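# Architecture at a glance
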Amino acid sequence: MNDLVAAGWTTFGCQCWDSVGGGVLYLSAPYPYSSAITWNKIPSGVSDWNVTLRTEWTGGQIGDLRLDVYTSSHAYTWMASGGSFILQRDASMGNNPVFSRSGYQPQMNVWHQLRLDMAVGKMSMYFEGNLIGTYTEQDPNTDLTKISTQVGSNTADSYDYITATQLNPAHFTVTTSPSFIAVLPGKAGNSTILLTSYENFSGTVSLTATVSPTGPVVTIPSTTYLPGNGSSNSILTVSTQDSTSKQTYSLSVTATSGNQSRSLSLPLYVGVRPAIVINGNSDFTTNNGVTGGTGTASNPYVISDWDIDLCLGGCALGIQIQNTNAYFVIRNVYIHDGGFGSLDVSFSNVTNGGIERSVLANTYSGIRITSSSNIVVSGNNVTVPTWYLDPGVYDGPCLQVSSSSNITVSGNNLSNGVGAGIDLTGGSGNNNIVISENHFSGGGVGMHLGTINHAIVKDNQFSQNDIDIYVSYGTSITNTTMSGNNFHVMGIYIQGQNIQLRSNTITTDNLVNGKPLYYFEGCSGTNLNGVPVGQLIVVNCTNFQASNLRIDNVVEGIVMISVHGASVTNVTLNVIWYGVLASNSDHVTIAGNNVTDDYGIQFYSTSNMLVYHNNFLCASSWCDTPTDYQGTNNLWDNGYPSGGNFWWNYPGVDNCSGPQQNVCPDPDSIGDTAYGLDRYPLMKPFVASPDPSPSVGGAVVPVDKLALLGPSVLLALLVAAGTVLIALYSKRIKTNKGKIREQSTA
């Protein structure tokens with residue numbers, strides 16, 4: 001046995017009583033074991049073969065004789081067992097017979113020959129040189145990989161030889177191109193039947209075709225002549241009626257010559273079809289779903305009216321078009337029901353294309369446009385349901401555009417589960433984008449903006465249950481116009497850092513919850529006072545004032561980017577996340593406001609900011625305190641005795657007074673301990689007085705002069721007014737400690 005293993009054989013199982021002697025291999029195994037020997041050093045590509053085993057039953061209770069043959073796809077066991085001949089395919093514990101016939105009678109100490117032949121997909125089973133039966137293998141991969149034999153428990157067999165030989169029979173094959181036929185009802189389609197001769201086979205071949213279930217009509221030539229080592233083509237044609245049912249049919253083709261017969265099946269799709277993949281202009285063919293057109297601007301290729309079930313082709317892809325510049329339009333298609341990672345439509349390196357009036361439903365992601373130009377997406381219904389996968393991993397957008405230009409997206413209904421309705425964040429940015437008259441709904445963000453230039457966003461309706469427009473940090477938006485949009489839920493969210501907004505126009509006919517969206521860029525000395533405001537965004541302005549406003553139910557009430565010198569006073573900010581968000585700004589005073597939200601006020605890279613006399617109230621059970629990132633010389637109070645801000649969750653007490661809060665007991669309505677950056681937190685809400693004169697313009701109208709002045713400035717004014725006022729003022733401080741804030745705002 002050691003010499004056998006050294007020669008390249010592999011043993012398995014017990015080998016308890018195995019031996020070699022006199023040119024005979026002896027295998028035997030006690031209960032409950034088995035014993036086997038295998039040879040796997042077979043050259044690749046041997047698809048037609050003969051394997052022969054000479055063996056005898058020499059002991060034990062069971063007289064089975066067994067030959068095992070393996071291909072790259074399947075395992076076959078040819079057995080003389082009990083009273084039968086059995087062929088098993090991919091057997092497990094003796095199951096899965098594909099052939100069985102009675103007639104074997106076990107005989108001890110009698111040599112027998114088992115043989116399997118595989119020729120052109122047909123397996124022939126022999127016993128003692130006699131053909132016992134045949135089995136046709138539908139899997140075309142029949143390459144031989146391993147031969148083996150084994151005995152089971154309480155069995156002993158002897159083996160004289162096992163051989164494997166490559167066969168080269170004269171035969172022919174049949175294939176089709178394309179491998180399926182797809183037609184619309186009332187139309188016809190075809191496939192080429194290719195016959196190929198091998199080993200000098202020649203002769204007349206008869207052809208037949210059938211379709212199941214009935215409905216489509218199939219025609220094919222009845223015979224063709226196949227020359228030796230040559231080939232022959234025939235055209236199979238399928239015709240349908242307008243009334244032919246839209247479904248998948250099975251089309252069978254059989255080629256017969258003498259005792260050789262070859263059959264294959266191909267799917268016939270009527271109205272429905274698997275994925276369309278076009279790579280280059282030459283792939284715009286009827287087999288790839290083209291139903292009309294010539295590819296010019298006046299007569300584009302048309303791909304229309306198909307029902308594409310993504311799971312007919314792996315649940316992953318509907319239509320993929322890449323590396324083309326011919327004009328085309330996808331129209332009135334229905335793409336639906338894909339799995340994780342599925343994508344309805346993909347355009348990559350495409351110029352002059354579009355998709356219109358189509359329904360894309362129940363897939364992981366809708367339309368993806370990458371490195372393309374002159375694309376129109378119009379009048380489609382795209383629905384991406386909620387896919388929760390792993391934590392932080394969700395479904396894709398309805399439409400994603402990256403590194404593309406001259407893209408028009410209009411009149412679409414975009415309903416998203418978790419991802420964005422439109423995602424413009426990928427690649428190197430997008431230029432010349434028009435997004436108009438679309439309706440955004442669902443559970444995710446409406447639009448997720450990345451770097452864009454020369455974009456128009458107009459007349460869109462946002463009614464999803466999340467942020468309407470999300471602007472990511474690091475984004476650059478230039479030369480973009482927004483007008484006539486209606487934001488029904490949370491408005492625009494601008495992330496705090498490294499945002500570049502330049503040369504943009506956002507008009508007040510953009511409505512946030514029914515109120516105008518105010519956007520100021522590059523302004524100076526502007527005052528927004530006492531007018532209805534849905535949301536306020538101020539960019540690269542100086543000396544800006546906002547006063548006597550109310551902003552409700554948006555994700556951010558006021559956004560300031562690169563603002564130098566501004567004030568926000570007597571504004572009610574009943575918002576969702578941030579009352580005021582400011583980045584790269586300086587010398588901004590935020591005083592006398594009511595801020596009811598989750599995160600209050602947030603600063604990024606600011607300096608000389610002054611925040612005081614604001615009432616920070618909580619909007620939910622998980623509110624957080626305002627934050628100040630990378631700030632320089634920012635103050636969150638106005639010193640003593642003016643004080644800081646009122647905090648809904650301030651835990652301190654008021655027992656003392658004075659700049660150090662060390663005069664005790666002497667309460668002064670200011671907390672005795674600091675709260676975060678606020679050194680003098682107020683013990684009760686601040687009450688401001690509004691200016692009764694609404695205005696939008698360049699004139700600056702102070703709302704409450706005394707409330708905005710610090711003690712030192714106020715004292716200087718009183719000195720100028722006369723020593724009597726100084727005395728009175730000093731007396732009032734002494735006799736009415738703790739009430740100066742309320743009196744000064746009366």
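Here's a quick rundown of the structure. (Residues numbered from 1 in each chain as written. Predicted model: local features only at pLDDT ≥ 70, side-chain atom pairs only at ≥ 80, totals over all residues. Heavy atoms only, no water.)

The tally for this structure, following the rule as stated, stands at three disulfides. Disulfide partner of Cys 656: Cys 664, at an S-S distance of 1.7 Å. Judged by the torsion about the S-S bond (110°), the Cys 656/Cys 664 disulfide is right-handed. Its relative accessible area of 8% is what places Cys 656 among the buried residues. The partly exposed category is assigned to Cys 664, whose relative accessible area is 45%. Counting only cysteine sulfurs, Cys 311 is the nearest neighbor of Cys 398, a cysteine outside any disulfide, at a range of 19 Å. (Disulfide = S-S within 2.5 Å. Buried < 20%, exposed > 50% of the residue type's maximum accessible area, 1.4 Å probe, protein only.)

Quick look at the nonpolar core now. With 110 residues, the main nonpolar core has Ile 321, Ile 330, Met 447 and Leu 536 as its most contacted residues. In this view, Met 447 contacts Ile 422, Leu 424, Ile 435, Phe 440, Val 457, Phe 462, Asp 468, Ile 469 and Tyr 470; residues no more than four positions away in its chain are not counted. Judged by nonpolar contacts, the second largest core, of 32 residues, contains Leu 25, Phe 99, Leu 114 and Leu 144. (Core = buried A, V, L, I, M, F, W, Y, C linked by side-chain atoms within 4.5 Å. Contact = heavy atoms within 4.5 Å.)

Another point: the sheet that holds strand β22 (residues 247-257). Ordered by their spatial adjacency, five strands build an open sheet running β16-β23-β22-β18-β20, and the pairing between neighbours is mixed. Only two strands of the sheet have a single partner each, and these edge strands are β16 (181-183) and β20 (223-226). Strand-to-strand twist of the sheet, defined as the mean angle between neighbouring strand axes without regard to direction, takes the value 25°. Both strand β18 (residues 203-212) and β22 contribute to a ladder of seven bridges, which runs antiparallel. Counted as the bridge partner of Ser 212 is Ser 250 from β22. (Pairing = 2+ DSSP bridges. Helix = DSSP H or I, 4+ residues; strand = E, 2+ residues; numbered from the N terminus. Axes fitted to C-alpha atoms, helices over the stretch in contact; angles between N-to-C directions.)

Here we come to the sheet that holds strand β57 (residues 550-552). With parallel pairing, five strands are arranged side by side in an open sheet as β57-β60-β63-β66-β68. Here the strands that pair on one side only, and so sit at the sheet edges, are β57 and β68 (646-647). Inspection of the sheet shows β57 paired to strand β60 (residues 572-574) by three bridges, in the parallel sense. By the bridge assignment, Asp 552 is partnered in β60 with Asn 574.

Bridge count for strand β15 (residues 171-177) against strand β17 (residues 188-198) is seven bridges, and the pairing is antiparallel. For Phe 172, the partnering residue across the bridge sits in β17 and is Ser 197. Bridge analysis of β17 against strand β21 (residues 231-239) gives nine bridges, and the strand direction is antiparallel. Residue Ile 193 lies in a different strand from β21, and its bridge partner there is Ser 234.

Moving on, we come to unusual backbone geometry. Comment: phi is negative for the bulk of residues other than glycine, and the bulk of peptide bonds are trans. With an omega of 0°, the peptide bond running from Ser 177 to Pro 178 counts as cis. Position of Pro 178 relative to the elements: it lies in the loop between β15 and β16. Residue Pro 641 is bonded to the preceding Tyr 640 through a cis peptide linkage, with omega at 10°. Positive phi, close to 55°, is recorded for Asn 608, a residue that is not glycine. Within the secondary structure, Asn 608 sits in the loop between β64 (601-604) and β65 (610-612). Its identity as a non-glycine residue notwithstanding, Asn 633 has a phi of 60°, on the positive side.

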